[in-house]
Amino acid sequence: MFGYVVVNKQEMKFREFDLYRSYYCGLCRELKASYGTWGQLTLSYDITFLALLLTSLYGEETDAGTCRCGVHPFRRQMVRRNMFTAYGADMNLLLTYYKCQDDWEDERKLSKKALGGLLKGKAEDVKGRYPRKAQVIQDCLAGILDCEKRGSQNLDEASGFFGDIMGEVFVFQQDEWEGELRRMGFFLGKFVYLMDAYEDMEKDTKEGNYNPFGAWYQRPQFEEECRRVLTMMMAECSRSFERLPLIEYTEILRNILYSGVWHRYEQVQKKRREKEEKGTEHV
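Please read all numbers here as calculations on a predicted model, not as lab measurements.

(A) Just the environment of C140, in detail. With respect to the helices, strands and loops of the structure, C140 is situated in helix α5 (residues 131–150). Residue classification places C140 among the buried positions, given a relative accessible area of 7%. It is 6.6 Å that separates the C-alpha atoms of C140 and I165, two residues lying 25 residues apart in sequence. In this structure C140 touches F161, D164 and I165, once residues within four positions along its chain are discounted.

Right, dumping it as structure tokens:
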């Protein structure tokens, strides 16, 4: 359900992309340092965005350096790390661990059970440091599972649980920005959940899986209605974003919120149009 909060590289300056990638690499290094190679498997673009956002908001001093890794063995990569990449690594691990548990309970995916087992010890350590966040993630994933079992077609109910998860993760500390960060994370989380459902619509229909858009799929205005709902989610998220007194990286963050998050949506639409055109050609 992750991987939607990405940059639109074509609309970025080279310098901006290099900055973004340095935080992505920094998060990767944090995961390896704290949780080993298995921890690196939890790396996500979504949490990279959060690390950048929190760094911009709080102006935390950042350590910059270079390193080589298995993915880039011949060229040293810029790496930026600070307290927010460390926090992001903790949240990445916690989210992945509980998602593995959820996937095992829901779909009996052995790969998820195996990864969850490998992450369990480290996840317990993170849970001890962030008990409230761990409980919110557990409770909300249970809520999503209940929606799936009941076949709930209430978009706000199902997506709201994932929104609550992201809202909790976005709050780094209790201060004057807690409300806007929670609200921003909430609507971004709803967008991510609904975007994932939108992308999987055909597969879920074919396999008989739960999808909150299921009741909409046969409507003539399905595409327009989905676009409207997704746009509303990002509009609310962006309102909170613009109210934050960000210090730097604003262009990178805007690139992600106003362009990057729509990349997969445009890919899905293109694929569907091509499929429809091929179907028309064979009639």
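Once the structure has been displayed, the description carries forward.
(B) Quick peek at helix α2 (residues 45–58). For α2, built from 14 residues, the straight-helix expectation of 20 Å at 1.5 Å per residue is met to within 8% by its first-to-last C-alpha distance of 20 Å. The element α2 is largely enclosed, with a buried count of twelve among its 14 residues. When we look at burial in α2, the residues that qualify are D46, I47, T48, F49, L50, A51, L52, L53, L54, T55, S56 and L57. Note on α2: the residue one or two positions beyond its end, G59, has a positive phi of about 65 degrees.

(C) View of the packing of helix α1 (residues 14–40) against α2. Two numbers describe how α1 lies on α2: the axes approach to 9 Å, and their chain directions differ by 110 degrees. Considered as vectors, α1 and α2 are oriented roughly perpendicular to each other. Two packed elements cross with a definite hand, and for α1 against α2 that hand is right-handed. Packed against α1, whose contacting residues are Y20, Y23, Y24 and L27, the element α2 presents Y45, I47, T48, L52 and T55 at the interface. Looking at the contact of α1 with α2 residue by residue, the class counts come to seven nonpolar, two polar and no charged.

(D) Focus on the packing of aromatic side chains. Within this structure, the stated rule accounts for 19 aromatic pairs. Ring geometry for Y87 versus Y130: centroids 5.8 Å apart, planes at 65 degrees, classification edge-to-face. Linking Y87 in helix α3 (residues 83–107) with Y130 in the loop between α4 (110–129) and α5, this pair joins segments that are 43 residues apart in sequence. One exposure class covers both Y87 and Y130, and it is buried.

(E) Expanded view of unusual backbone geometry. Of note, the phi angle at Y249 is positive, near 65 degrees, even though the residue is not glycine. Among the structural elements, Y249 can be located in the loop between α9 (222–243) and α10 (250–258).

(F) A look at the side chain of S152. Tracing the chain through its elements places S152 in the loop between α5 and α6 (155–170). Separated by 2.7 Å, the side chains of S152 and E157 make a polar contact. When residues no more than four places from it in sequence are discounted, the contact partners of S152 are C147, E157, Y210 and P212.

(G) Spotlight on the nonpolar core. With 81 residues, the main nonpolar core has F49, L53, M184, F191 and F213 as its most contacted residues. Here the element with the most residues in this core is helix α7 (residues 178–199); it accounts for eleven residues. The residues contacting L53, other than those within four sequence positions of it, are F170, L181, M184, F241, L244, L246 and L253.

(H) Focus on α10. Regarding α10, the residues found buried are I252, L253, N255, I256 and L257. As for α10, its buried residues are in contact with α1, α2, α7 and α9.

What counts as what
- Residues numbered from 1 in each chain as written.
- Predicted model: local features only at pLDDT ≥ 70, side-chain atom pairs only at ≥ 80, totals over all residues.
- Heavy atoms only, no water.
- Helix = DSSP H or I, 4+ residues; strand = E, 2+ residues; numbered from the N terminus.
- Buried < 20%, exposed > 50% of the residue type's maximum accessible area, 1.4 Å probe, protein only.
- Contact = heavy atoms within 4.5 Å.
- Expected span 1.5 Å × (residues − 1).
- Axes fitted to C-alpha atoms, helices over the stretch in contact; angles between N-to-C directions.
- Parallel < 35°, antiparallel > 145°, perpendicular 65-115°, else oblique.
- Left-handed = near helix turned anticlockwise from the far one by under 90°.
- Nonpolar A, V, L, I, M, F, W, Y, C, P; charged D, E, K, R; others polar.
- Phe/Tyr/Trp six-rings, centres within 6.5 Å; stacked < 30°, edge-to-face > 60°.
- Polar contact = N/O pair within 3.5 Å; in protein donor to acceptor, adjacent residues only side chain to side chain.
- Core = buried A, V, L, I, M, F, W, Y, C linked by side-chain atoms within 4.5 Å.

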